[in-house]
Amino acid sequence: MHEDNLVTPGERINGAVIRIVIAEDQALVRRGAAILLSMEPDMEVVGQARNGVEAVELAQLLHPDVILMDLHMPLKGGVAATREITRALPGTQVLVLTTLDDDETVFEAVRAGAHAYLLKDAAEDELLETIRALRRGESRLTPQIARKVMDQFRRLAPVSNAESLREDTPKPRSSEKAASTQRGVLDTEPLSDKEEKVLQLISEGMTNRQIATTLFLAEGTVKNYVSRIMDKLHANTRTELALLSKRQSRPE
């Protein structure tokens, strides 16, 4: 393993230390982030990866709580690495770091299952708070990132409309499923009033427990609502749900 892989851990607070892997191909950025995070008493940098291949390997080996993921890395990009990690390790949260130079890559990172998105020039406090928010089960998006993703959704809309004109043509069920997957969030079932309220609270960053308290429901009931909402909106993560809620609430 590379010499940067281990950094002295911070002091644990009630055993709740956040274990972090940093995936970044620029050595100065990677080491600077490691020093910053290791100074926090509730954070521990357990590994550093120079490319997407190392990121996946370290994630599988260390099972970190959070991975700081650069999108543009050699050997394997951040999107592909994020997709592998989120599928194999649902308990690991991916925080994508981007320079916003590629709209399509940012959109694909959302689809890959990342849980939070920050610009590389974000303030130190914002980075630290986002990591802690992920530990609490929240999702975070900067306004710039949300706008990029919304632009991608809008660009896909004409494709969805064109396909809807052909829906009266009989087709095998397998083709229907493939078309539904391609349309994704753009062809959805209506939500009930309660589901709309749960979606709104998700978009505000609330956890299932917080939603349950707000709506006077059992936490298990909220989990069922979230699952149904994901099925109806063809979403893979809570972050996608938050983005969809923002999109639906935009004035026409």
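Preceding block: the structure.
Computed from a prediction, not measured in an experiment: that's the story for all the values here.

J.: How would you sum up the side chain of Asp42? Please name residues and give values.
T.: In this structure, Asp42 sits in the loop between helix H1 (27-38) and strand S2 (43-49). Side chain to side chain, Asp42 and Arg132 meet in a polar contact 2.7 Å long.

J.: So, the pairing of strand S1 (residues 18-23): which residues are in play, and what are the values?
T.: A large share of S1 lies buried, amounting to five of its six residues. Strand direction decides the pairing type here: S1 and S2, joined by six bridges, are parallel. Along S2, the bridge assignment pairs Ile20 with Val45. Chirality of the crossover, the property in question, places the unit of S1, H1 and S2 among those that are right-handed. For S1 and strand S3 (residues 66-70), the ladder comprises four bridges, and the chain directions are parallel. Residue pairing in the sheet places Ile20 in a bridge with Val66 of S3.

J.: Tell me about the side chain of Asp70, residues and numbers included.
T.: Residue position: Asp70 is located in strand S3. Here the side chain of Asp70 touches Lys120 through a polar contact of 3.1 Å, side chain to side chain. Residues contacting Asp70, with those up to four places away along its chain left out, are Ala23, Glu24, Asp25, Gly78, Leu97 and Lys120.

J.: Residue-level account of helix H3 (residues 78-88), with values.
T.: Working note: α-helix, 3.6 residues per turn, so residues spaced by three or four point in the same direction. Taken residue by residue, H3 has Gly78, Val79, Ala81, Thr82, Ile85 and Thr86 as its buried positions. The buried residues of H3 occupy an angular sector of 160° when the element is viewed end-on, so they sit on one face.

J.: Account for the sheet that holds strand S6 (residues 140-141), naming residues and giving values.
T.: Read from one edge to the other, the open sheet built from six strands follows the order S2-S1-S3-S4-S5-S6, with strand pairing classed as parallel. The sheet is open, and its two borders are formed by S2 and S6, each paired with just one other strand. Strands S1, S2 and S3 of the sheet are contacted by H1, whose axis makes an angle of about 165° with S2.

J.: Pulling in residues and values, what's your account of helix H10 (residues 219-233)?
T.: The end-to-end C-alpha separation of H10 is 21 Å, in line with the 21 Å expected for 15 residues at 1.5 Å each. By the burial criterion, the buried members of H10 are Val222, Tyr225, Val226, Ile229, Met230, Lys232 and Leu233. All buried residues of H10 project into a common sector of 165° when viewed along the axis, lining one side. Remark: His234 follows H10 within two positions and exhibits a positive phi of approximately 55°.

J.: Break down the pattern of salt bridges for me, with residues and values.
T.: Evaluation of the coordinates by the stated rule reveals eleven salt bridges. Measuring nitrogen to oxygen at the nearest pair gives 2.5 Å for the salt bridge that ties Glu54 to Arg50. Overall, Arg50 belongs to the partly exposed group, its relative accessible area being 32%.

How each quantity is defined
- Residues numbered from 1 in each chain as written.
- Predicted model: local features only at pLDDT ≥ 70, side-chain atom pairs only at ≥ 80, totals over all residues.
- Heavy atoms only, no water.
- Helix = DSSP H or I, 4+ residues; strand = E, 2+ residues; numbered from the N terminus.
- Polar contact = N/O pair within 3.5 Å; in protein donor to acceptor, adjacent residues only side chain to side chain.
- Buried < 20%, exposed > 50% of the residue type's maximum accessible area, 1.4 Å probe, protein only.
- Pairing = 2+ DSSP bridges.
- Right-handed = clockwise from strand over helix to strand, strands pointing away.
- Contact = heavy atoms within 4.5 Å.
- Arc of directions from axis to C-beta.
- Axes fitted to C-alpha atoms, helices over the stretch in contact; angles between N-to-C directions.
- Expected span 1.5 Å × (residues − 1).
- Salt bridge = Lys/Arg side-chain N within 4 Å of Asp/Glu carboxyl O.

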